[in-house]
Amino acid sequence: RDIPAVPVRIVVKPGAGDDGARIQAALDEVAALPLNADGLRGAVGLAPGDYEIAGQLLMNASGVALRGAGATSNGTRLKATGT
């Protein structure tokens, strides 16, 4: 089965310090959207860059995806900074 094409609803860009709260807020906002006919709500797109995440990210609804900009030196990199 192919990976579904989930439309990006919100794009998050990396900032200074912990990016976790901004990413979580975007995930929660997309989770509040209605499901479409394919059972999808949408994706949170992470722009290229480095993201620091001190805590955890929770996917609290079905039909939500988190999508980066590729696994290259010019892509999206998530760095766990918490303990």
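Preceding this section is the structure that the text describes.
Attention in this report is confined to the structure presented alongside it. Quick caveat, the model's predicted, so the values are computed rather than measured.

1. Brief notes about the overall build of the chain
- Along the chain, the regular secondary structure elements total 1 helix and 5 strands.
- Its helices and strands taken in sequence order, the chain reads β-α-β-β-β-β from the N to the C terminus.
- Taking the principal axes of the C-alpha coordinates as reference, the chain spans close to 40 × 25 × 20 Å.
- Within the chain, the fraction of its 83 residues that count as buried is 31%.
- Contacts spanning at least 24 positions in sequence make up 64% of the contacts within the chain whose residues lie at least 6 apart.
- Here the chain displays about 5,300 Å² of accessible surface, and carbon together with sulfur accounts for 54% of that area.
- Of the charged side chains in the chain, 8 are positive and 8 negative, and the gap between their average positions amounts to 4 Å.

2. Re the sheet that holds strand β1 (residues 8-12)
- Read across the open sheet, the 3 strands follow the order β1-β2-β4; overall the sheet is parallel. Looking at strand neighbours, the two that pair on one side only are β1 and β4 (64-67), the edges of this open sheet. Neighbour to neighbour, the strand axes of the sheet diverge by 20° on average, direction disregarded.
- Examined bridge by bridge, strand β2 (residues 42-46) and β4 share 4 bridges and lie parallel to one another. Among the inter-strand pairings, valine 44 is bridged to a residue of β4, identified as leucine 66.
- Against the sheet, helix α1 (residues 20-31) makes contact with β1, β2 and β4, and its axis sits at roughly 170° relative to β1, the strand it touches most.

3. Thoughts on the environment of proline 4
- Summarising the element assignment, proline 4 is placed in the segment before β1.
- In the structure, proline 4 is positioned 65 residues away from alanine 69 in sequence and 17 Å away in space, judged by C-alpha atoms.

Reading the values: rules and limits
Along each chain, the written sequence defines residue order, and numbers are assigned to residues from 1. For this predicted model, a pLDDT threshold of at least 70 governs which residues receive local features, and a threshold of 80 or more governs which side-chain atom pairs are given and counted, while totals over whole chains, interfaces and linings are taken from all residues. Remark: hydrogens and water are excluded; side-chain values derive from all non-hydrogen atoms of the structure. Strands are runs of DSSP state E lasting at least 2 residues, helices are runs of H or I lasting at least 4, and numbering of each runs from the N terminus. Burial classes: relative accessible area under 20% of the type maximum marks a residue as buried, over 50% as exposed, and values in between as partly exposed (1.4 Å probe, protein chains only). Note on contacts: a residue pair is in contact if any heavy atoms of the two residues lie within 4.5 Å. Each accessible area value is a Shrake-Rupley result obtained with a 1.4 Å probe; residue values ignore everything except the protein chains displayed when judging cover. Positive charge is attributed to Lys and Arg, negative charge to Asp and Glu, and no charge count is given to His or to the chain ends. A charge is said to be at NZ when it belongs to Lys, at CZ for Arg, at CG for Asp and at CD for Glu. At least two DSSP bridges between two strands are needed for those strands to be called paired. Here an angle of 0 to 180 degrees is reported between the N-to-C directions of two axes, which are lines fitted to C-alpha atoms, with helices fitted over the stretch in contact.

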